[in-house]
Amino acid sequence: KLNDSAYTTIANRAFNMVTAENEMKIDATEPSQNNFNFTNADKVYNWAVQNGKQVRGHTLAWHSQQPSWMQNMSGSALRSAMINHIKGVMSHYKGKIPYWDVVNEAFDDGNGGRRSSNLQSTGNDWIEVAFQTAREADPAAKLCYNDYNIDNWSWSKTQGVYAMVKDFKARNVPIDCVGLQ
């Protein structure tokens with residue numbers, strides 16, 4: 001969209017923060033294991049900064065849009081790959097991106113519990129580990145959990161996310177914000 005002048009004119013006039021749609025996701029930033037590529041993410045970042053905007057990093061750990069090398073992993077190998085990915089991306093943008101969606105869409109729509117995914121299968125503490133890793137990688141960044149369908153208090157998914165955040169806060173697991181899609 002950065003080549004669409006109508007889009008960029010509106011974005012420049014109406015917004016003070018930019019969130020990359022796909023350019024900062026796992027498949028875009030680490031297409032092969034330990035081979036990071038920030039070309040498209042940097043284009044979004046640079047456009048935003050050149051136009052006086054902040055950038056919200058989206059997203060570091062997600063069950064979707066994983067590159068094939070990660071989709072084929074499990075257990076401790078997948079856990080290590082997730083940690084390495086978070087460190088690699090956040091070190092590239094350390095001190096530059098004030099907000100990060102550390103984990104995206106980890107809760108099930110129907111029952112409010114955790115979504116079944118390869119990341120969930122690495123252990124129930126994978127979200128906690130992702131947030132701890134992100135805090136270590138950039139202590140100044142605000143760390144967010146992001147999800148959809150969590151804006152109605154009576155929904156079980158909303159309650160599941162709330163319970164996680166409440167638990168994290170009680171145990172000093174670093175989480176600063178929740179993004180509502």
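Residues numbered from 1 in each chain as written. Predicted model: local features only at pLDDT ≥ 70, side-chain atom pairs only at ≥ 80, totals over all residues. Heavy atoms only, no water.

**Student:** Which parts of the structure should I look at to understand helix 7 (residues 156–170)?
**Tutor:** Helical periodicity: at 3.6 residues per turn, an α-helix aligns residues three or four positions apart in one direction. Between its terminal C-alpha atoms helix 7 stretches 21 Å, which fits the 21 Å expected from 15 residues at 1.5 Å a residue. Among the residues of helix 7, K157, T158, G160, V161, M164, V165 and F168 are the ones counted as buried. Down the axis of helix 7, the buried side of the element spans an arc of 165 degrees, and every buried residue falls inside it. Of the exposed residues in helix 7, the ones pointing more than 90 degrees away from its buried face are K166 and A170. N172 sits one or two positions beyond helix 7 and adopts a positive phi of about 60 degrees. (Helix = DSSP H or I, 4+ residues; strand = E, 2+ residues; numbered from the N terminus. Expected span 1.5 Å × (residues − 1). Buried < 20%, exposed > 50% of the residue type's maximum accessible area, 1.4 Å probe, protein only. Arc of directions from axis to C-beta.)

**Student:** Would you mind showing me how to read the packing of aromatic side chains here?
**Tutor:** In this description, a pair of aromatic rings is defined by centroid distance and the angle of the planes. Under the definition given, this model contains seven aromatic pairs. Measuring from centroid to centroid gives 6.1 Å for F131 and F168, while their planes differ by 70 degrees, and the two rings are edge-to-face. A residue pair is termed long-range when its members are at least 10 positions apart, and F131 in helix 6 (residues 126–137) and F168 in helix 7 qualify at 37 residues. Judged by centre distance (5.0 Å) and plane angle (70 degrees), the ring pair of W153 and Y162 falls under edge-to-face. Exposure remark for W153: the relative accessible area of 54% places this residue in the exposed category. On the basis of relative accessibility, which here comes to 38%, the residue Y162 falls in the partly exposed class. Ring pairing ties together the aromatic residues F36, F38, Y45, Y93 and W100, which thus form one cluster. (Phe/Tyr/Trp six-rings, centres within 6.5 Å; stacked < 30°, edge-to-face > 60°.)

**Student:** Just to check I follow, could you spell out unusual backbone geometry for this structure?
**Tutor:** Trans is the common state for peptide bonds, and a negative phi is the common state for residues other than glycine. Residue H58 is joined to T59 through a cis peptide bond whose omega torsion reads 0 degrees. Non-glycine residue N34 carries a positive phi angle of around 65 degrees. Of note, N34 is situated in the loop between helix 2 (26–29) and helix 3 (39–50). One non-glycine residue with positive phi stands out, namely N149, at about 55 degrees.

**Student:** Which parts of the structure should I look at to understand the layout of surface pockets?
**Tutor:** To find leftover empty space, a probe the size of one water molecule is rolled over the atoms. Estimates place the volume of the largest pocket at around 500 Å³. Taken together, 17 residues form the lining of the largest pocket, with K1, L2, Y7, V18 and T19 sitting closest to its centre. Those elements that place two or more of their residues in the lining of the largest pocket are helix 1 (5–14), strand 1 (17–19) and helix 3. It is helix 3 that contributes the most residues to the lining of the largest pocket, four residues altogether. (1 Å grid on protein atoms, 1.4 Å probe; cavity = no way out; pocket = protein on both sides within 12 Å on 5 of 7 lines; lining within 4 Å. Points joined across faces, edges and corners; volume = space filled by probe spheres on them.)

**Student:** Can you help me understand the sheet that holds strand 2 (residues 54–62) in this one?
**Tutor:** In sheet architecture, strand pairing relies on hydrogen bonds along the backbone and comes in two forms, parallel and antiparallel. Ordered by their spatial adjacency, five strands build an open sheet running 1-2-3-4-5, and the pairing between neighbours is parallel. Both outer strands of the open sheet, strand 1 and strand 5 (177–180), are each paired with one neighbouring strand and no more. Looking at each pair of strands side by side, their axes are set apart by 30 degrees on average, direction ignored. Running over the sheet, helix 5 (residues 75–92) touches strand 2, strand 3 (99–104) and strand 4 (142–147) and is turned about 165 degrees from strand 2. Sheet strands in contact with helix 6 are strand 2, strand 3 and strand 4, and its direction is about 160 degrees off that of strand 3. (Pairing = 2+ DSSP bridges. Axes fitted to C-alpha atoms, helices over the stretch in contact; angles between N-to-C directions. Contact = heavy atoms within 4.5 Å.)

**Student:** Explain the nonpolar core here, please?
**Tutor:** Taken as a class, soluble globular proteins show a tendency for nonpolar side chains to be buried jointly. Counting residues in hydrophobic clusters, the biggest one holds 48 residues, and the most contacted among them are W100, V103 and F131. Beyond its immediate sequence surroundings of up to four residues, W100 is in contact with M24, G57, H58, L60, V89, M90, Y93, A141, K142, L143 and C144. (Core = buried A, V, L, I, M, F, W, Y, C linked by side-chain atoms within 4.5 Å.)

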